[in-house]
There are 2 protein chains.
Amino acid sequence: MSLSSAWWKRARDILGERIVSDPSLLDPYGHDESAPEEFRNPPEAVVRPIDEGEVSAVLKLCRDERVPVTVRGAGTGLAAGCVPARGGIVLTTELMNRVMDSDPANLTITVQAGVPLRKLYEEVAKMSLYFPPHPGDEGAHVGGAVAANAGGARAVKYGTVRRFVLGLQVVLAGGEILDLGGKYIKSSTGYHLVDLMIGSEGTLGVITRITLSLLPPVGSVQTLLAPFATLESAIGAVPRVLGTGILPCAVEFIEHSVVLLAERLLNKSWPSHEGAASLMLILDGRNDQDTLAQAEVIGTALEQAGALDVLLTDQKGRQADMLEIRSMLYEAIRPGTAEAFDICVPRSEIASHVGFVHRLEETRGVPIPTYGHAADGNVHSHSLRRSLENGVFGGELPGWREQSASIRHALYEDVVRRGGVISGEHGIGLVKKEYLPMNLGPVHMAVMRSIKKALDPEGILNPGKIFDA
Amino acid sequence: MSLSSAWWKRARDILGERIVSDPSLLDPYGHDESAPEEFRNPPEAVVRPIDEGEVSAVLKLCRDERVPVTVRGAGTGLAAGCVPARGGIVLTTELMNRVMDSDPANLTITVQAGVPLRKLYEEVAKMSLYFPPHPGDEGAHVGGAVAANAGGARAVKYGTVRRFVLGLQVVLAGGEILDLGGKYIKSSTGYHLVDLMIGSEGTLGVITRITLSLLPPVGSVQTLLAPFATLESAIGAVPRVLGTGILPCAVEFIEHSVVLLAERLLNKSWPSHEGAASLMLILDGRNDQDTLAQAEVIGTALEQAGALDVLLTDQKGRQADMLEIRSMLYEAIRPGTAEAFDICVPRSEIASHVGFVHRLEETRGVPIPTYGHAADGNVHSHSLRRSLENGVFGGELPGWREQSASIRHALYEDVVRRGGVISGEHGIGLVKKEYLPMNLGPVHMAVMRSIKKALDPEGILNPGKIFDA
């Protein structure tokens with residue numbers, strides 16, 4: 001299929017020069033940051049609207065001409081959600097990057113979908129307020145983070161992006177502009193469509209504007225590091241931490257084999273290599289007195305749970321190094337990665353799921369380095385395509401493609417058995433689509449299809465993603 | 001319309017004796033706790049299933065026979081949401097009152113829809129955990145609280161019921177049993193149908209089971225009372241309280257004219273009658289040291305904002321009296337109420353909205369006592385049908401019906417102008433249905449209708465509620 005001359009004429013009327021059509025410039029819009037290459041597919045054109053009026057006009061045009069429209073933020077996704085799988089055009093939010101309204105009285109900020117998270121954090125800091133969710137990549141657009149319901153480490157205490165979205169402006173498949181929610185914080189007024197749009201990965205509407213709720217700033221942050229002999233004992237300590245009654249902001253677990261990779265990449269060092277794995281805990285509170293008191297209670301719990309050491313990294317530089325190493329783990333493992341997983345299980349199942357992954361690693365002879373969010377059950381395992389020893393990647397593993405598919409299947413079966421989901425924060429996109437029915441079951445799939453059909457009867461919005469409509 | 005003999009036969013096969021058909025017993029199922037009487041309508045029969053299997057069989061039967069099904073919890077609603085407006089049957093959750101699973105390791109509890117909030121709080125206390133949302137009436141069923149997205153005072157810090165629902169079991173119009181969510185706390189796995197069901201008031205499915213997330217217990221609670229010369233000055237103090245960076249659990253505002261009514265009803269006394277209104281603040285934290293430090297900072301802010309006094313009610317009995325008076329305000333005003341409102345506006349608009357209500361009161365010559373949740377913008381005003389002086393109701397006001405309708409219209413227009421919603425926590429039901437299109441606009445209404453059509457094509461689930469499908 002290719003775009004008709006009628007499409008081009010109307011599109012130029014709407015957008016003028018803001019259409020990319022040079023084939024050499026289209027390739028970057030054909031993939032995201034996910035590892036598997038089989039999902040790449042460049043669009044026929046890229047449109048760059050500046051506001052919801054232009055988005056509306058583009059959608060009307062594409063609905064009339066039956067042209068698939070795939071929305072793309074910064075392309076930092078890991079599920080190929082922004083890849084134009086069925087051709088058609090990519091609608092990029094890159095020019096929709098204005099902060100529309102900063103409202104300290106209501107503790108809200110309203111931004112266009114294309115504002116990068118980095119810019120959001122800066123604006124919120126200027127307001128002396130706090131936006132807790134912190135998905136890994138600060139280059140991601142707010143619209144993309146909402147479309148995938150991004151998570152990040154701080155979900156233990158604060159929840160995912162979903163919890164902070166008060167309002168959305170969405171352009172529907174027929175071009176209708178729909179304003180959902182607002183600056184109020186309680187509502188029992190009609191179906192809650194805001195939460196239907198969050199996490200729908202561009203299949204139900206194009207998010208053009210987001211109103212986020214903000215919190216008063218935290219006065220103090222402390223980071224604790226606790227090395228353990230084994231990953232299992234590290235994860236096993238988490239219930240004891242939560243049993244103190246203190247909810248840490250983040251509880252991350254990391255195998256030291258993975259730490260080595262990131263240390264090399266960044267030329268920075270992790271505070272301890274004792275044992276096989278570390279727990280990193282971030283505590284926040286009203287002031288240093290508060291967080292230090294929390295650290296004392298939690299430190300004791302960690303020691304009782306078998307920590308080899310408990311380090312309080314109160315130096316800002318040291319904290320920053322650790323957080324950077326943590327945030328670059330995906331990048332560090334990526335060169336050797338066949339596939340990165342993003343499963344989420346109930347907290348009580350995380351230790352046994354990781355045990356299962358370790359057994360897979362042994363029986364299949366494929367390294368599956370693992371890290372993730374210990375207190376919220378969100379585990380990232382990477383099945384590798386290259387050997388890994390002492391933090392250095394070796395050559396390609398024979399038959400890694402087949403092994404990877406087989407590991408994926410076994411791993412997802414384990415997740416479903418434990419009452420979990422195949423994506424905790426990255427989304428389904430194309431990469432996990434095949435496994436969604438196994439996870440959700442036929443009734444859930446049927447309801448999703450009926451909603452898709454109700455909102456996008458011609459199926460022009462990001463077709464082929466999440467499920468086949 | 002009346003139920004066919006085929007319906008009766010199959011219904012008896014499913015439920016045996018658990019069907020109410022005696023007309024004298026049906027009346028209580030024809031109304032809820034809302035004041036207006038014009039919405040009353042008894043069902044033709046009441047079915048009392050014990051589990052999702054029976055609910056499924058009943059829905060299949062009613063779909064086949066095109067019999068409207070209206071779900072009812074404890075009937076404590078205030079929007080006539082559980083009234084069988086179009087006849088047919090009421091499905092009561094009163095026998096679905098089992099706690100299915102208490103899981104301290106995952107900080108969750110799973111209950112059947114008919115478990116009363118009172119029983120939920122008891123079960124959670126046994127687990128040494130905390131379920132923050134506290135809608136007024138502890139007799140309400142958990143299923144009803146979820147169906148209406150109930151709120152309560154503690155939403156300032158903790159959010160409404162919505163935030164705590166991790167999983168739902170819902171029986172769809174065709175009888176399919178749909179398990180949504182689970183015990184995991186992060187998911188980007190398909191459309192988030194849990195939040196679509198929450199607040200849908202029984203129009204999209206019958207909620208049969210709920211999994212709630214719980215928090216570690218709070219170690220200390222303090223209650224502050226601050227009387228102010230006027231209601232406006234009390235509400236005007238709220239931004240200064242939030243500006244301290246401390247998020248109280250609750251910030252309630254109450255006119256003293258309303259306090260008098262509740263004091264009489266309960267034979268208990270409010271700590272101060274100085275001035276025209278009070279702010280009541282609930283602070284919670286890890287220990288007394290923490291909450292007392294919060295109280296000091298907030299007390300200073302209240303004084304600077306013009307509080308006539310700041311009382312720290314650290315005696316448990318005194319706290320309980322205040323909370324009981326606060327929780328019985330609706331009951332106290334009810335005998336004189338024409339209509340109770342439940343609007344929610346952005347925090348910054350609450351003072352001017354209440355100012356508008358006071359001007360309405362003066363220009364219409366109708367008392368409109370007002371109280372509510374100051375820090376989350378959720379205001380309850382009652383337009384009265386009887387005169388009110390010194391906390392005593394007098395005779396009926398002439399023309400109160402017409403006045404009430406006209407006040408409602410003006411009040412809702414003011415709410416929409418300020419970017420608010422007509423229901424913060426009670427739901428739309430029948431009582432506010434007429435005003436929903438004015439609030440949400442035609443695109444939102446059309447999307448809601450298309451979703452209703454997709455999930456309940458025959459329109460058997462609570463027909464006539466929220467909107468006409």
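Residues numbered from 1 in each chain as written. Chains lettered and ligands numbered in written order. Predicted model: local features only at pLDDT ≥ 70, side-chain atom pairs only at ≥ 80, totals over all residues. Heavy atoms only, no water.

Novice: In this structure, what is going on with the overall build of chain A? I would like to understand it.
Specialist: For chain A, the helix and strand inventory stands at 17 helices and 19 strands. Taken over the C-alpha trace, chain A has a radius of gyration of 23 Å; the compact-globule value for 469 residues is 23 Å, and the two agree within 12%. Looking at chain A residue by residue over its 469 residues, the buried ones come to 62%. Look at the contacts in chain A between residues 6 or more apart in sequence, and 72% of them connect residues 24 or more apart. Where the 45 positive side-chain charges of chain A centre and where its 56 negative ones centre are 4 Å apart. (Helix = DSSP H or I, 4+ residues; strand = E, 2+ residues; numbered from the N terminus. Rg over C-alpha atoms; globule rule 2.2 N^0.38 Å. Buried < 20%, exposed > 50% of the residue type's maximum accessible area, 1.4 Å probe, protein only. Contact = heavy atoms within 4.5 Å. Lys, Arg positive; Asp, Glu negative; His and termini not counted. Charge placed at Lys NZ, Arg CZ, Asp CG, Glu CD.)

Novice: Is there a simple way to explain the pairing of strand E12 (residues 277–285) of chain B in this structure?
Specialist: Regular strands show a simple pattern: their side chains alternate between the two faces of the sheet. All names here are of chain B. Judged by how many residues are buried, E12 sits mostly within the fold: 9 of 9 residues are covered. Residues Ala277, Leu279, Leu281, Leu283 and Gly285 line one face of E12 and the alternating positions Ser278, Met280, Ile282 and Asp284 line the opposite face, and both faces are buried. Strand direction decides the pairing type here: strand E11 (residues 250–255) and E12, joined by 6 bridges, are antiparallel. Each bridged residue has a counterpart across the sheet, and for Val251 the counterpart in E12 is Leu281. (Pairing = 2+ DSSP bridges.)

Novice: For this particular structure, what's the right way to read the relation of the copies chain B and chain A?
Specialist: Comparison of the two chain copies shows a relationship of rotation about an axis with a shift along it. Here chain B sits on chain A after a turn of 180° about the axis and a move of 0.0 Å along it, with an RMSD of 0.0 Å. Both chain copies can therefore be described as sitting about a two-fold axis. Of the interface residues in chain B, 100% have counterparts in chain A that sit at the interface too, so the contact is made through matching surfaces. (Least-squares fit on C-alpha atoms with pLDDT ≥ 70 in both.)

Novice: Help me understand the packing of helix H1 (residues 5–15) of chain B against helix H3 (residues 52–65) of chain B, please; the structure alone is not making it clear to me.
Specialist: When two helices pack together, their arrangement is given by the angle between their axes and by how far apart the axes lie. All names here are of chain B. Two elements in contact, H1 and H3, have axes separated by 10 Å at closest approach and are oriented at 175°. By the angle between their directions, the pair H1 and H3 is classed as roughly antiparallel. Between H1 and H3, the contacting residues are Ala6, Trp7, Arg10, Ala11, Ile14 and Leu15 on the first element and Glu54, Ala57, Val58, Lys60, Leu61, Cys62, Asp64 and Glu65 on the second. Counted by class, the contact of H1 with H3 contains 9 nonpolar, no polar and 5 charged residues. (Axes fitted to C-alpha atoms, helices over the stretch in contact; angles between N-to-C directions. Parallel < 35°, antiparallel > 145°, perpendicular 65-115°, else oblique. Nonpolar A, V, L, I, M, F, W, Y, C, P; charged D, E, K, R; others polar.)

Novice: Would you mind showing me how to read the interface of chain B and chain A here?
Specialist: Chain B puts 79 residues into the contact, and the matching count from chain A is 79 residues. Here chain B packs against chain A, burying approximately 6,000 Å² in sum over the two surfaces, 63% of which is carbon and sulfur. Its largest share of buried area at the contact with chain A, chain B owes to Lys186, Ser188 and Tyr191 of chain B, together 17% of the area lost on that side. Where chain B touches chain A, the interface holds 4 salt bridges. Put simply, Lys186 of chain B and Asp376 of chain A hold a salt bridge, and the shortest N to O gap is 3.4 Å. (Buried area = accessible area lost by both parts, 1.4 Å probe. Salt bridge = Lys/Arg side-chain N within 4 Å of Asp/Glu carboxyl O.)

Novice: Before we go on, may I ask you to explain H1 of chain B in this structure?
Specialist: Think of an α-helix as 3.6 residues a turn; residues three or four steps apart then line up on the same face. All names here are of chain B. Residues of H1 that are buried: Trp7, Trp8, Ala11 and Leu15. The buried side chains of H1 occupy one side of the element, clustering within an arc of 95° when seen end-on. Among the exposed residues of H1, those pointing more than 90 degrees away from its buried face are Ser5, Lys9 and Asp13. Looking at the buried residues of H1, the elements they touch are strand E1 (19–20), strand E2 (45–47), H3 and strand E4 (89–92). At the C-terminal side of H1, Gly16 shows a positive phi close to 60°. (Arc of directions from axis to C-beta.)

Novice: In this structure, what is going on with the packing of helix H14 (residues 350–364) of chain A against helix H15 (residues 400–417) of chain A? I would like to understand it.
Specialist: All names here are of chain A. Two numbers describe how H14 lies on H15: the axes approach to 11 Å, and their chain directions differ by 155°. With respect to their mutual orientation, H14 and H15 come out roughly antiparallel. The two elements H14 and H15 meet at a crossing, and its hand is right-handed. Every residue of H15 that contacts H14 at His353, Phe356, Val357, Leu360 and Arg364 is listed here: Gln403, Ser406, Ile407, Ala410, Leu411, Asp414, Val415 and Arg417. Taken together, the residues of the contact of H14 with H15 sort by class into 7 nonpolar, 3 polar and 3 charged. (Left-handed = near helix turned anticlockwise from the far one by under 90°.)

Novice: Which parts of the structure should I look at to understand the side chain of Thr110 of chain A?
Specialist: Residues and elements named next belong to chain A. As for its position among the elements, Thr110 is in strand E6 (residues 108–112). On the accessibility criterion, Thr110 (8% relative accessible area) is buried. Those residues in contact with Thr110, other than ones at most four positions away along the chain, are Val99, Met100, Asp101, Arg209, Ile210 and Thr211.

Novice: What is the right way to read the pattern of salt bridges from this model?
Specialist: It is possible for side chains of opposite charge to pair when their charged atoms get near one another. If you walk through the whole model with that rule in mind, you get 55 salt bridges over all chains. For Arg418 of chain A, the salt bridge is made with Asp414 of chain A, and the minimal N-O distance between the two is 2.8 Å. This pair shows no difference in class: Arg418 of chain A is buried, exactly as Asp414 of chain A is. The partner of Arg86 of chain B in a salt bridge is Asp468 of chain B, with the nearest N and O atoms 2.6 Å apart. Separated by 382 residues along the polypeptide, Arg86 of chain B in the loop between strand E3 (69–72) and E4 and Asp468 of chain B in the segment after helix H17 (442–455) bring together distant segments of the chain.

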